[in-house]
Amino acid sequence: MGAKIKDNCIVSTCPDCEGALSNFEFQSGSVIRNEIHTYENTRFERILYLLARCGGCGRGGLAVIHDNGMVRNGILAGCGVRRDKPAWSRE
Ligand SMILES: [Zn+2]
């Protein structure tokens with residue numbers, strides 16, 4: 001299963017929790033790039049880079065989300081929690 005956005009977290013498998021499904025809760029660190037662009041044939045107004053932490057073990061991750069002001073309605077481009085994938089790679 002790929003990672004998904006859920007309310008205030010990303011749901012993804014965590015390599016430090018032996019591959020178990022975990023909630024990566026958003027932390028206070030973020031970068032917002034306001035720029036109208038197209039991603040997967042959809043128009044978006046910004047790209048967010050949000051720090052997230054595994055609720056089970058504390059492992060960090062960087063979520064990259066394209067949205068129009070509401071994170072939960074955005075598209076997750078990557079979450080950077082896997083050892084073999086960079087933050088910008090979709091799982
Ligand atoms: Zn974990």
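Provided above is the structure to which this section pertains.
Residues numbered from 1 in each chain as written. Predicted model: local features only at pLDDT ≥ 70, side-chain atom pairs only at ≥ 80, totals over all residues.

**Student:** Can you help me understand the overall build of the chain in this one?
**Tutor:** Check the secondary structure of the chain and you find 0 helices and 6 strands. When the helices and strands of the chain are listed from N to C terminus, the series reads β-β-β-β-β-β. Look at the contacts in the chain between residues 6 or more apart in sequence, and 41% of them connect residues 24 or more apart. (Helix = DSSP H or I, 4+ residues; strand = E, 2+ residues; numbered from the N terminus. Contact = placed C-beta atoms within 7 Å.)

**Student:** When you look at the sheet that holds strand β4 (residues 42-54) in this model, what are you seeing that I'm missing?
**Tutor:** By way of backbone hydrogen bonds, the strands of a sheet pair with one another, either parallel or antiparallel. With antiparallel pairing, 6 strands are arranged side by side in an open sheet as β1-β2-β3-β4-β5-β6. The open sheet terminates on both sides in strands that have one partner only, identified here as β1 (4-6) and β6 (75-78). Each strand axis lies, on average, 40° off the axis of its neighbour in the sheet, ignoring direction. Direction of pairing for strand β5 (residues 60-67) relative to β6: antiparallel, over a ladder of 3 bridges. Note that in β6 the partner of H66 across the bridge is I75. (Pairing = 2+ DSSP bridges. Axes fitted to C-alpha atoms, helices over the stretch in contact; angles between N-to-C directions.)

**Student:** Sorry if this is basic, but what is going on with the nonpolar core here?
**Tutor:** Within soluble globular proteins, side chains that are nonpolar tend to cluster in buried spots. Judged by nonpolar contacts, the single largest core of 15 residues is most densely connected at I10, A52, A63, I65, L76 and C79. Considering every element that reaches this core, the biggest residue donor is β5, with 4 residues. Non-local contacts of I10, meaning those with residues more than four positions away in its chain, are made with A3, I5, F24, A52, A63, L76 and C79. (Core = buried A, V, L, I, M, F, W, Y, C linked by C-beta atoms within 7 Å. Buried ≥ 20, exposed ≤ 12 C-beta atoms within 10 Å, placed from the backbone.)

**Student:** It is not clear to me how the pairing of strand β2 (residues 9-14) should be interpreted in this structure. Could you clarify?
**Tutor:** Every other side chain in a regular strand lies on the same face of the sheet, so the side chains alternate between the two faces. Note: β1 against β2, 3 bridges, orientation antiparallel. When the sheet's bridge partners are listed, K6 is paired in β2 with C9. Count of turn residues in the β1/β2 antiparallel hairpin: 2 residues, of which D7 carries a positive phi of about 35°. Relative to strand β3 (residues 20-39), β2 runs antiparallel, the two being bridged by 6 bridges.

**Student:** How should the environment of N73 be read in this particular structure?
**Tutor:** As for its position among the elements, N73 is in the loop between β5 and β6. Take N73: there are 10 C-beta atoms within 10 Å of it, and that puts it in the exposed class. Among all residues touching N73, those that are not within four sequence positions of it are D67 and N68.

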